[in-house]
Amino acid sequence: MDVVAVVFGVFAVWAVVSALICVTRRSPISSAMWLVSTMFALAGIYVLLNAEFIAAIQVLVYAGAVMVLFLFVIMLLNVDAEIGPMRRSYGWVVGIGAALVLGAQLLTMRGYTLQRLADEVSTMPLGVDPTLVFPEGAAARAATASRGVVGSIAEPLFQAYLIPFEITSVLLLAAAIGAVVLAKKRL
Amino acid sequence: MLLGPSLALSAVLFAIGVAGVLIRRNAIVLFMCIELMLNAVNLTFIALAQVHGMSGQIMVFFVMTVAAAEAAVGLAIILAIFRHAQTVDLTQLNLLKG
């Protein structure tokens, strides 16, 4: 077992345990802090999956900005820990049942390797070389090697995805204005 | 590559998020569970970006931006609801219930 798989396992257990604690805490503040912990674990996994820039953004934007917003609203509303049952009795049954069914369905993906994915999407005979089926993956690795992590993500972002990028900025402006208007004293 | 393990972890995190949304009654915690689900989907994008090139990572970038916008507007709505009803307990927000 190589060291990457071991580190992945550590981060995966960290993420799942933090997520479970986040969902089951009564106090919203501890839920938020455990969610931050989950996000840090996911950032570690992103590094293992060759997405260092996204890992940095994950820590800065998600664990930093978004969760601070959550904590700020919790503080502003002065929400106490929930007393009594977290939800009506059948809420537990429905929630855990739906999660188990959905999780079991999605978990069928756990056996996927690059080879199996290549075999399934290509019309070529089984055992085809995955780099022939997915040339973009190899091209992306080459781009990262030559231009660096940020350069290889910036080039498609500001060329092929320029219009979506600009639309995102309009969305953020609309969200900022909307949040201010909604949070005003008199609607 | 770690394709299979990443997809499995993403499935587990998404299921935990779904369970949270269905179980909890605090609106803010519900929002956090939605963020958890978004994170699980982001992990899928990142795992498959190794195969399909940089587009996956750029999608994650956009998902994060939209999630930030969603959190800002959603929390402002929760704030407005709290001013109106003095609670964020979803079981007590039943004005439209017949």
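Placed above this text is the structure.
Read on for an overview of the structure.

Digging into the overall build of chain B
In terms of regular secondary structure, chain B is built from 3 helices and 0 strands. Its helices and strands in sequence order give chain B the pattern α-α-α, from N to C terminus. In terms of overall size, chain B is more extended than a compact globule, its C-alpha atoms giving a radius of gyration of 17 Å where 98 residues would be expected to give roughly 13 Å. Based on the C-alpha atoms only, the size of chain B along its principal axes is roughly 50 × 25 × 20 Å. Per-residue burial for chain B yields a buried fraction of 59% across its 98 residues.

As for the interface of chain B and chain A
Chain B puts 63 residues into the contact, and the matching count from chain A is 77 residues. Only α1 (3–23), α2 (27–52) and α3 (55–85) of chain B provide two or more residues apiece to the side of chain B that touches chain A. If you tally residues by element for the side of chain B that touches chain A, the top one is α3 of chain B, at 22 residues.

So, the packing of α2 of chain B against α3 of chain B
All names here are of chain B. In contact at an axis separation of 8 Å, α2 and α3 are set at 175° when each is read in the N-to-C sense. Judged on the interaxial angle alone, α3 and α2 are roughly antiparallel. Side by side, α2 and α3 meet where A27, I28, F31, E35, L38, V41, N42, F45, I46, L48, A49 and H52 of the first sit next to S55, G56, Q57, M59, V60, V63, A67, A71, G74 and I78 of the second. A class-by-class count of the residues in the contact of α2 with α3 yields 15 nonpolar, 6 polar and 1 charged.

Brief notes about the nonpolar core
Ranked by internal contacts, the top residues of the largest apolar core, which has 79 residues, are Y46 of chain A together with L13, I16, I28, M32 and I46 of chain B. The dominant element in this core, judged by the number of residues it contributes, is α2 of chain B, at 15 residues.

Digging into the packing of helix α1 (residues 3–24) of chain A against helix α2 (residues 28–48) of chain A
All names here are of chain A. Packing of α1 against α2 leaves a shortest axis separation of 8 Å and a crossing angle of 160°. If you check the angle between α1 and α2, you find them roughly antiparallel. The hand of the α1/α2 crossing is left-handed. Where α1 approaches α2, its residues V4, V7, F8, F11, W14, A15, S18, A19, I21 and C22 are matched on the opposing element by S31, W34, L35, S37, T38, A41, L42, G44, I45 and L48. Of the residues that constitute the contact of α1 with α2, the class distribution is 15 nonpolar, 5 polar and no charged.

Rules of the game
- Residues numbered from 1 in each chain as written.
- Chains lettered and ligands numbered in written order.
- Predicted model: local features only at pLDDT ≥ 70, side-chain atom pairs only at ≥ 80, totals over all residues.
- Helix = DSSP H or I, 4+ residues; strand = E, 2+ residues; numbered from the N terminus.
- Rg over C-alpha atoms; globule rule 2.2 N^0.38 Å.
- Buried ≥ 20, exposed ≤ 12 C-beta atoms within 10 Å, placed from the backbone.
- Contact = placed C-beta atoms within 7 Å.
- Axes fitted to C-alpha atoms, helices over the stretch in contact; angles between N-to-C directions.
- Parallel < 35°, antiparallel > 145°, perpendicular 65-115°, else oblique.
- Nonpolar A, V, L, I, M, F, W, Y, C, P; charged D, E, K, R; others polar.
- Core = buried A, V, L, I, M, F, W, Y, C linked by C-beta atoms within 7 Å.
- Left-handed = near helix turned anticlockwise from the far one by under 90°.

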